[in-house]
Amino acid sequence: MQQITGAEIVVRCLQDEGVEYVFGYPGGAVLNIYDEIFKQDKFKHVLVRHEQGAAHAADGYSRSSNKVGVCLVTSGPGVTNAVTGIATAYLDSIPMVVLTGQVPTHAIGQDAFQECDTVGITRPCVKHNFLVKDVKDLATTIKKAFYLAQTGRPGPVLVDIPKDVTQAKTEYNYPKTVSLRSYNPVTKGHAGQIKKAVQLLLDAKRPMIYSGGGVILNNASSQLTRLVRLLGFPCTNTLMGLGAFPGTDPQFTGMPGMHGTYETNMAMQHCDVLIAIGARFDDRVIGNPEHFSRADRKIIHIDIDPSSISKRVKVDVPIVGYVGDVLDEMVKIIESSPQRPDPAALKAWWADIKEWQRKDCLRYDAKSSLIKPQFVIQKLYEITKGDAFITSDVGQHQMWAAQYYKFDKPRRWINSGGLGTMGVGLPYAMGVQLAFPDAQVACITGESSIQMNIQELSTCKQYRIPVKVITLNNRYMGMVRQWQEFFYGSRYAESYMESLPDFVKLAESYGHIGMRIDKPEDVEAALKEAFSPALKERMVFMDFMTDQTENVFPMVEGGKGLSEMILAEEL
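Residues numbered from 1 in each chain as written. Predicted model: local features only at pLDDT ≥ 70, side-chain atom pairs only at ≥ 80, totals over all residues. Heavy atoms only, no water.

## Concerning the overall build of the chain
Then step 1. Secondary structure assignment for the chain yields 22 helices and 21 strands.
Then step 2. Against the globule reference of 25 Å for 571 residues, the chain gives a C-alpha radius of gyration of 24 Å, in line with a compact fold.
Then step 3. The principal-axis extents of the C-alpha atoms in the chain amount to approximately 75 × 60 × 45 Å.
Then step 4. Buried residues in the chain amount to 60% of all 571 residues.
Then step 5. Counting only contacts in the chain whose residues sit at least 6 apart along the sequence, the fraction spanning at least 24 positions is 77%.
Then step 6. Accessible surface, the chain: about 23,000 Å² in total, of which carbon and sulfur atoms supply 49%.
Then step 7. Counting 61 positive and 63 negative side-chain charges, the chain places the centres of these two groups 4 Å from one another. (Helix = DSSP H or I, 4+ residues; strand = E, 2+ residues; numbered from the N terminus. Rg over C-alpha atoms; globule rule 2.2 N^0.38 Å. Buried < 20%, exposed > 50% of the residue type's maximum accessible area, 1.4 Å probe, protein only. Contact = heavy atoms within 4.5 Å. Areas by Shrake-Rupley, 256 points an atom, 1.4 Å probe, with all protein chains shown as cover. Lys, Arg positive; Asp, Glu negative; His and termini not counted. Charge placed at Lys NZ, Arg CZ, Asp CG, Glu CD.)

Written as structure tokens, this is what we have:
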């Protein structure tokens, strides 16, 4: 067989994996790989303007498309710039393969130019990482990386490739399958545990279905929807699970947690049987674990990762496996059983929930003379008919988007949950738009977040990526300001952005369309124009000047319990 270089092997591996896009930024340690990319046309390379943007764009591409995102960066600062994006994907269990350049093997540990300990630095924020020291191991290692990234609990896998390995030659042999002796994730739920869980659900008087991002990652939305409608139970989706169960369905009670709805949090706290499906009881969802625990409540937990079960909250019926397979089994058992949930008890429970809904916890002053951020989101929902891909940065705008845009489909809501990374919104939108070139893609952001990776406007120009940026500009780091108002005596330490650019001129300088909207009566027209067929191929940056004093409600203070919510009416 013909011998080829390690750089050629990398490119051939990506081609054989069916990779569509590689997001990256070149540098000395990866120039051999870039030279081989230049010679081929089976996949496209997208040149970002910062390595963090490469990781985020690959992440957004993966979240929306259900494919493995791929990014390529050079050694040293290329790697360290990408770490934030890698950690973001890791915390949200997003399948990615990160290819990094490294100094030649003989120079490793010698403080060579642009050297860093990539394996050591990234070990805490990847599912696994590899340092390839022999070109003969390169193809198999890349195959292992793709296998690990998308099986079990997904996550980013990093392959560190020294420059001399990309120059060395060997025969190309890309394995069709790989197996790792120490890696055998359990995918099939325990039959006995599933039966126990079903019996608890059928006997429940005050049930609650709590689903998270694992449902979306496992493509189990249809199974979840079938279970919820079969049982007639209330259902909540976490921030990462929005769209797993339709947001417009009457059985959906809204998002839970720190900024969840009053009715959902009260139902989570007072139910007698809670089934958690692909969710991890994180601190932003349940508040204080001690407050959340109740002796009179049974908890079922389905998750692919056994280490997530009983990690923060002790559960009664643990089930390890792919949530889709487990839900299929549960539905089969329920459909074959003569027993159904007690209709009288369920009716009474729904009456309690409807009483909590009367609080109307998401209402706001829609008649204000200032632009309310909630109003912008609602108009965006109307104009896009709820069918757009929505990416967001992190902060107040993220919570308003989650509360007021009703997601009926999975993989339409793309945001950073676990790490809470400002600056993800625009590169996420780029990845989504490239995955779905004909779709409407909107990035909801704030004037602070957008500046974290605003250089990617240049990438949008080069590749004609027509995303629509919706900046809810309140001239503050909004969520920081809200916490400072509530808990720090309104001392707004370093949260005021008093040197903001003219975003319209900035967008225009990159070759895009900029709009500034100051009045509520102009909101709808601006959004209609941005999403009109005339501007379908153009990137549009909309700067909405919103009410500076608006806060996100409801809110659960850190360390408090779910039922200790701050509502707007109480201030």
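So, next bit.
## Points about the sheet that holds strand 4 (residues 69-73)
Then step 1. Pairing is parallel in the open sheet, where six strands are placed in the order 3-2-4-5-7-6. The open sheet has two edge strands with one neighbour each: strand 3 (44-47) and strand 6 (128-131). Averaged over all pairs of adjacent strands, the angle between strand axes in this sheet comes to 20°, irrespective of strand direction.
Then step 2. With four bridges connecting them, strand 6 and strand 7 (residues 156-162) associate as parallel partners. Looking at strand 7, one finds that Phe-130 is bridged to Val-159.
Then step 3. Against the sheet, helix 6 (residues 138-150) touches strand 4, strand 5 (96-102), strand 6 and strand 7, its axis set at about 165° to strand 7. (Pairing = 2+ DSSP bridges. Axes fitted to C-alpha atoms, helices over the stretch in contact; angles between N-to-C directions.)

## Digging into a nonpolar patch on the surface
Then step 1. On the surface, a cluster of nonpolar side chains totalling about 220 Å² of accessible area is made up of Tyr-90, Leu-91 and Leu-419.
Then step 2. Along the chain, the position of Leu-91 falls in helix 4 (residues 77-91).
Then step 3. Classification of Leu-91 as partly exposed rests on a relative accessible area of 30%. (Patch = residues over 30% accessible without salt bridge, like charges linked within 9 Å, V, L, I, M, F, W, Y side chains within 5 Å. Salt bridge = Lys/Arg side-chain N within 4 Å of Asp/Glu carboxyl O.)

## Some points on the nonpolar core
Then step 1. In this structure, Ile-277, Phe-281, Met-330 and Met-542 are the most contacted members of the largest nonpolar core, which totals 98 residues.
Then step 2. At six residues, helix 14 (residues 323-336) tops the list of elements feeding residues into this core.
Then step 3. Among all residues touching Phe-281, those that are not within four sequence positions of it are Tyr-210, Leu-274, Ala-276, Ile-286, Phe-292, Ile-299, His-301, Arg-312, Val-313 and Val-315.
Then step 4. Core analysis: the next-biggest nonpolar cluster, separate from the first, contains 47 residues, Leu-158, Tyr-428, Val-467 and Phe-503 among them. (Core = buried A, V, L, I, M, F, W, Y, C linked by side-chain atoms within 4.5 Å.)

## Let's talk about the side chain of Ser-211
Then step 1. Here Ser-211 is to be found in strand 9 (residues 207-211).
Then step 2. Here Ser-211 falls in the buried class, since its relative accessible area comes to 0%.
Then step 3. Of the polar contacts made by the side chain of Ser-211, one reaches the side chain of Asn-237; its length is 2.6 Å.
Then step 4. Residue contacts for Ser-211: discarding those within four places in its chain leaves Leu-224, Thr-236, Asn-237, Thr-238, Ala-244, Ile-277 and Ala-279. (Polar contact = N/O pair within 3.5 Å; in protein donor to acceptor, adjacent residues only side chain to side chain.)

## A closer look at the pairing of strand 11 (residues 273-277)
Then step 1. Buried residues dominate strand 11, accounting for five of its five residues.
Then step 2. Taking every second residue as pointing to the same face, both faces of strand 11 are buried, with Val-273, Ile-275 and Ile-277 on one and Leu-274 and Ala-276 on the other.
Then step 3. Both strand 9 and strand 11 contribute to a ladder of five bridges, which runs parallel. The partner of Ser-211 across the bridge, within strand 11, is Ile-277.
Then step 4. Sheet topology places strand 11 next to strand 12 (residues 298-303); five bridges connect them, and they run parallel. Looking across to strand 12, one finds that Ile-277 is bridged to Ile-302.

## A few points about the environment of Phe-245
Then step 1. If you trace the backbone, Phe-245 turns up in the loop between strand 10 (235-237) and helix 11 (262-270).
Then step 2. Separated by 77 residues in the primary sequence, Phe-245 and Ala-168 place their C-alpha atoms 51 Å from one another.
Then step 3. The contacts of Phe-245, once residues within four sequence positions are left out, are Leu-224, Thr-225, Val-228, Arg-229, Cys-235, Asn-237, Gln-251, Phe-252 and Phe-407.

## Points about helix 17 (residues 396-404)
Then step 1. When you tally the buried positions in helix 17, you get nine out of nine residues, the bulk of the element.
Then step 2. Packing partners of the buried residues in helix 17 comprise helix 16 (373-384), strand 14 (389-392), strand 15 (413-414), strand 16 (441-445), strand 17 (468-473) and helix 20 (478-487).

## So, the pattern of salt bridges
Then step 1. A full pass over the atoms with the stated rule returns 22 salt bridges.
Then step 2. Residue Arg-63 pairs with Asp-59 through a salt bridge whose shortest N-O separation is 2.5 Å. Here the residue Arg-63 and the residue Asp-59 both occupy positions in helix 3 (residues 51-65), the gap between them amounting to four residues, near one helical turn. Judged on exposure class, the residue Arg-63 and its partner Asp-59 are both buried.
Then step 3. Of the charged contacts in the structure, one is a salt bridge between Arg-294 and Asp-296, with a shortest N-O distance of 3.2 Å.
Then step 4. Exposure remark for Asp-296: the relative accessible area of 44% places this residue in the partly exposed category.
Then step 5. Members of the salt-bridge network, linked through shared partners, are Lys-379, Glu-382, Glu-524 and Lys-528.

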